[in-house]
Amino acid sequence: MAEIPLTHGLLLAVILFALGLLTVLARRNVVFILMGIEIMLNAAGLAFVLGGARWGAPDGQVLFILILAVAAAEVSVGLALVLQLHHRFGSVDVDAARQMRG
Amino acid sequence: MNMIFYLAALVAISSTALVVTSRNAIHALLYLIVSLFAVALIFYVIGAPLAAALEVIIYAGAIMVLFVFVVMMLNLGEQATAQERRWLQPRIWFGPAVLAALLLAELLYVIVAGASGERTIAPVSAHDVGMSLFGAYLLAVEVSAMLLLAALVGAYHLGQRMSSAED
Amino acid sequence: MIYDALWLVPLLPLIGFVCLTLLGGWLSRRAMAVLGVGSVALATALAFTIGYTFLTRPPATGHCTEVIGSWLAVGNLHVRFGLYLDALALVMMLVVTGVGLLIHLYSATFMAADSGYRRYFAYLNLFVASMLMLVLADNLLLLYLGWEMVGLCSYLLIGHDYADPVNGRAARKAFVVTRIGDAALLVGLLLLLAHWGTLQIQPLLGLAAQGWANGSALATVAAALLLTGAVGKSAQLPLQVWLPDAMAGPTPVSALIHAATMVTAGVYLIARLHTLFELAPAVQHAVAALGALTLLLASCSALLQRDIKRILAYSTISQIGYMFLALGVGAYAAALFHLMTHACFKAVLFLSAGVVINALDEEHDIYHMGGLGRQLPGTSLAFLTGAASLAALPLVSAGFYSKGLILAQTWNAPGMGVWLWTGGILGTLLTAIYIFRAFFVAFLGRPKSHARCGATAAEAVALVVLAALSVTAGFVEIPAGLGGGVQAFTGLVASALPPGPQPAHTGNLPALLELIASLTAVAGVLTAYYFFRYRPPAATAAGAHPITAAVGRLWQSGWGFDWAYERLFVRPLVMFTRANRHDAVDALFTGIAAGSRALHRGLSRTQTGRVRWYAAGIACGSFILIALMVLP
C-alpha cells in the first residue's frame, strides 16, 4: 500500500475546503454557492476517510457515507430553492433575496 | 503509488480552482466532476475502495447530474456568462480571498504543527464498513434516512410552481 | 349560653355589608334599607341581650372570651380570631350598636335621594362591623385590623359624594393624617410583640405589669407610640386637623364618626391598655396635658365658626379632649362615661343639624339660618337637648353628670390636678358659649330662610330616642356631691378598669366643685344669650377691634395648624416629589433598557439579508475560534 504521510492528505483536504469557502463567499450565483458547499463537504469527507485510513478503522468511511447523505439532502432542497428563486425574481443572484433582512 | 496520490491531488486542486474561477456553470460543473474523480482516486489509493466507489456513483453520478439538470432548466445563456464576468471583479474577490486565505493559513499551521510524520496507512474493506454501518452506527443510518425523506418532501414542496396568488 | 353568640355581633353587620355589595344590583332601595338597617338592628338586639345577661348574671371572672378560629400561626406567633367581653368592651359595644342603629335608621330616609344609596349602606355596615371588631378583639392584631378598617370606612364615607373634588380631598386628608397615627400604633404593637412575644391583650398586660419597672424607657416608648396612634384616630393635638374637614361627608356619617365609631377608638385603646400607660407616668401626664390643651384650643376655634357642622366638629375634638384629660389622670370610668353620654348628645346634635341642613337646601351657615325654632319645633327641641347636654347644664342633662365626674376626679388627681381642673372649667364655659351661640343664632330670632321640610318618621324616631338619652343617660351616675350617690356606671366598669383618683379630703368640697361647674355652664349660656340674642351688636363691636379680629381669624382657622402643616410638610414634600418626578433610582433601569435597545439597533443592522455576508460571519467566527483554541 501507499506510504503517504497523513499530513499531506490533510493538507489537500484543507486546500479544497478553503477553495470551497472562497466559492461560497465570492460568487453571487446561487448555483456556484451550492457547488462551493459541495466542495467543502467533500473536503470534510476526505479528512474523515484519511483519519479512518490512518487508524485502520471503518468509522471514517461510515461518517463519509453520512456526509454523503447530508450533501444529497442539502443539494436537493438547495436546488429546489434555486428554482423558486429563479421563478420569483427571474435571477440566480443570491442578493436578490434580501427581503428577510433584520 | 505515491506518485498517483500526488498527481491526483494536483488534479483535484487545479480543477477545483477552475470551478471557483469559471464563468460558465456547465464548465464549472464539469471541472467539479473531474475534481471528484480525483478525490475518488485518492480514496482508492489510501485503501478505502468503498468510499471511492460511492464518491463516483453518488457524488459524481447522482448529485452532479442533479446540478446539470437544474442548470439546464434555468437555461442560463450568454447574458448569464456576461453577468458572471461583471460579478467577478477583483474588488469583489479580494475580501473573501483574504478571509479564505487566513482560514487556510490557520488550518495549515494546525496541521503542520501537529504533524507526527507517520506514514502507515491501513486499508479498510467494504465488509468492515458495512458491519460497522449496520452495527454501531445503525441509529445514525436511521436518522439519515429520516433526513433524506424530509429532504425529499421539502424538495417536492419547493419544486412545484407556486400559484401566482401566493407570489 | 348567650355569650357564645358574641361573635354574631360584629358578623351581622359584616354580612349586611357583603350582601349589599354582592346582591345590591338586584335589590330595591327599600330592600337595601331593610338589609342595611336590619343587620345592625339584629346585632343591636343581640348586643343588648348580652348586655342584659352581663348585668344580671355576670361571668364569674368578670369577663368572657370566645375564640372563633385561628388566624395566623407563624413560628411562635399565634393569632386567633378571639373576642373578649368585659365591662369596658360591653359599654363600647352597646354604644356602637345602639347609636349606630339609630344613625342607620335616620339614614334610611335622610339619604333616600342619594344615588349611592347601596354603597352608602354597605360602607355604613362595614363601619359598624369594623368598630365592633375593634372593641371586642382579644388580641392587638385583630384590634389593629378593626382600627385600619375603621380608617378605610371613614375615607370611603367622607368621600361619599366623590363627584366633588373637595370631598375627595377631605377624605384623603382624613386618611393620610390618621395614617401617621396608625403607623406609630403599628410600630408600638410590633415593639410589644418583639419584647413580650404575644399579642393577646390580657396576657400581654400581665407580662408588662410584672416585667417592666414603673417608668422604664421601653414602657415609655411603647406607651408613647400607642398614644400617637390614639391621638391620630381621636383627632387630638397635633393630629386634629382632619376632623373639621371630615364634615364633607353626609351628616349621618359625621354623626357616626363623631359619636359612635371612629374618634372614640383612641379613647378605647388607652382605656383598654391602661396598664401600659400607668407604667409610663410621663406619657400619662402627656395624655392629660394634651387633652386639656386640645379641649381649650378646639373650644376657642368652635367659638368663631359659621358652619354649623364645623362647630360640632370642633366640639367633638374638645369633648374627646375631656376624655383624654380623664384618661390622663387615671379616671378611666369617667372617660368612658363621658364617651357614652357624648355619643348620645353628639349624635342628636348632628342628626338635628342634618335635618336643618336638609330643610334649608344644604345651607350650613348659621347666620343664614334663624327662627328655625318656630318652623321646626321638634328638631329644635332635639338640638336644644343635645346642646344642653354638651354645655353640661346642671341636673337636666347627661353631659353634666359625665363632665362633672371628670372634673371632680381631675381635681383629685395628684400633681397638676388643679391646673387641669381649671382648664376643664374654662372649657366648660367656652363650650356653653359656642354651642348656645349656634342655638341662639340659628334657631331663635327672625326667620331668614324657609324650611322646606321637617324630619321624616324614621328621623324623628332617632332624634327622640337620642334626645331622651341625652337627658337621662346621666342619671345612672349621680355624684355624691349632689347627695345621690348612685354609682351604677362606675360600679359596672369597676370590674374592668381601676377606680379613679380618690378625694384626699371629703366634706363640702365635692358639692362646691359641682356648684362651680354648674355656675360656669349657666354663665356660659348667659354670655351667649347676651352677645348673640340680647345685644348682637356687642359681639360685632367686640370682634371689630384689630387685636380681637386677628385672634378671631387665628381661632377661626383652627389656630393655623392647617396653614403651618401646609408649609412645613405638604409643600416641601410636593416640591421634593416634583423634583424627583423622574425617579433618580429609576435612571439605572431606564439606562439598562436604553442600552439594550441601542445594542439591538446596532446588531439588527448586521442582519442585511445577504447570505454571503452571513457565511463570511461564520467563517470569521470559526477563524477566531480556532485561533483561540490552537494559538497559545
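## Thoughts on the interface of chain A and chain B
- Contact residues are listed per partner, giving 70 residues for chain A and 82 residues for chain B.
- Connecting chain A to chain B are 0 salt bridges.
- Of all elements in the fold, only helix 1 (6-26), helix 2 (30-55) and helix 3 (59-89) of chain A reach the threshold of two or more residues within the side of chain A that touches chain B.
- The element contributing the most residues to the side of chain A that touches chain B is helix 3 of chain A, with 24 residues.
- Residue classes in the side of chain A that touches chain B are distributed as 48 nonpolar, 14 polar and 8 charged.

## A few points about the pairing of strand 2 (residues 77-85) of chain C
All names here are of chain C.
- One ladder, built from 9 bridges, connects strand 1 (residues 64-74) with strand 2; its direction is antiparallel. Looking at the pairing, V67 lines up with G82 of strand 2.
- The antiparallel hairpin formed by strand 1 and strand 2 contains 2 residues in its connecting segment, where G75 sits at a positive phi of about 60°.

## Section: empty space enclosed by the protein
All names here are of chain C.
- What the rule picks out here adds up to 5 cavities of 30 Å³ or more.
- Of the pockets and cavities examined, the largest cavity occupies roughly 120 Å³.
- In this structure, the largest cavity is lined by 15 residues; those nearest its centre are Q240, S301, Y314, G558 and F561.
- For the lining of the largest cavity, the secondary-structure elements that each account for two or more residues are helix 13 (281-303), helix 14 (308-328) and helix 25 (561-579).

## Some points on the nonpolar core
All names here are of chain C.
- Among the nonpolar cores identified, the biggest contains 205 residues, and L85, M93, W242, I435 and F436 are the most heavily contacted of them.
- Per element, the largest residue contribution to this core is 20 residues, and it comes from helix 15 (residues 332-359).
- Setting aside anything within four residues of it in sequence, one finds I435 in contact with L312, L349, F383, A387, L390 and A391.

## Overview of the packing of helix 2 (residues 29-56) of chain C against helix 4 (residues 117-136) of chain C
All names here are of chain C.
- Running from amino to carboxyl end, helix 2 crosses helix 4 at an angle of 5°, the nearest separation of the two axes being 10 Å. The orientation of helix 2 with respect to helix 4, classified from their angle, is roughly parallel. Contact residues: R29, M32, A33, L35, G36, V37, S39 and V40 in helix 2; Y117, R118, F121 and N125 in helix 4.
- Looking at the contact of helix 2 with helix 4, its residues break down into 7 nonpolar, 3 polar and 2 charged.

## Quick word on the interface of chain C and chain A
- Contacts between the two partners involve 10 residues from chain C and, on the opposite side, 13 residues from chain A.
- Buried surface at the junction of chain C and chain A, summed over both partners, amounts to about 930 Å²; 56% is from carbon and sulfur atoms.
- Sorting the residues of chain C by area buried against chain A places C:G609, C:R610 and C:R612 first, and these three jointly supply 55% of that buried surface.
- Seen at the junction of chain C and chain A, the total is 0 salt bridges.

## Some points on the pattern of salt bridges
Residue and element names in this part refer to chain C.
- In this structure the tally under the stated criterion is 9 salt bridges over all chains.
- Between R272 and D86 there is a salt bridge, with the nearest N and O atoms lying 2.9 Å from each other. Of this pair, R272 sits in helix 11 (residues 264-272) while D86 sits in the loop between strand 2 and helix 3 (87-110); the two residues are 186 residues apart in sequence, bridging distant segments of the chain.
- On the accessibility criterion, R272 (5% relative accessible area) is buried.
- Taking relative accessible area as the criterion, D86 reaches 5% and is therefore assigned buried.
- In this structure, the salt-bridge partner of R306 is D365, at a minimum N-O distance of 3.0 Å. Of this pair, R306 sits in the loop between helix 13 and helix 14 while D365 sits in the loop between helix 15 and helix 16 (372-375), placing them 59 residues apart in sequence.
- Since its relative accessible area comes to 14%, D365 is described here as buried.
- Each of E148, R179, D182 and K233 takes part in a single network of salt bridges with overlapping partners.

Criteria and cut-off values
- Residues numbered from 1 in each chain as written.
- Chains lettered and ligands numbered in written order.
- Predicted model: local features only at pLDDT ≥ 70, side-chain atom pairs only at ≥ 80, totals over all residues.
- Heavy atoms only, no water.
- Contact = heavy atoms within 4.5 Å.
- Salt bridge = Lys/Arg side-chain N within 4 Å of Asp/Glu carboxyl O.
- Helix = DSSP H or I, 4+ residues; strand = E, 2+ residues; numbered from the N terminus.
- Nonpolar A, V, L, I, M, F, W, Y, C, P; charged D, E, K, R; others polar.
- Pairing = 2+ DSSP bridges.
- 1 Å grid on protein atoms, 1.4 Å probe; cavity = no way out; pocket = protein on both sides within 12 Å on 5 of 7 lines; lining within 4 Å.
- Points joined across faces, edges and corners; volume = space filled by probe spheres on them.
- Core = buried A, V, L, I, M, F, W, Y, C linked by side-chain atoms within 4.5 Å.
- Buried < 20%, exposed > 50% of the residue type's maximum accessible area, 1.4 Å probe, protein only.
- Axes fitted to C-alpha atoms, helices over the stretch in contact; angles between N-to-C directions.
- Parallel < 35°, antiparallel > 145°, perpendicular 65-115°, else oblique.
- Buried area = accessible area lost by both parts, 1.4 Å probe.

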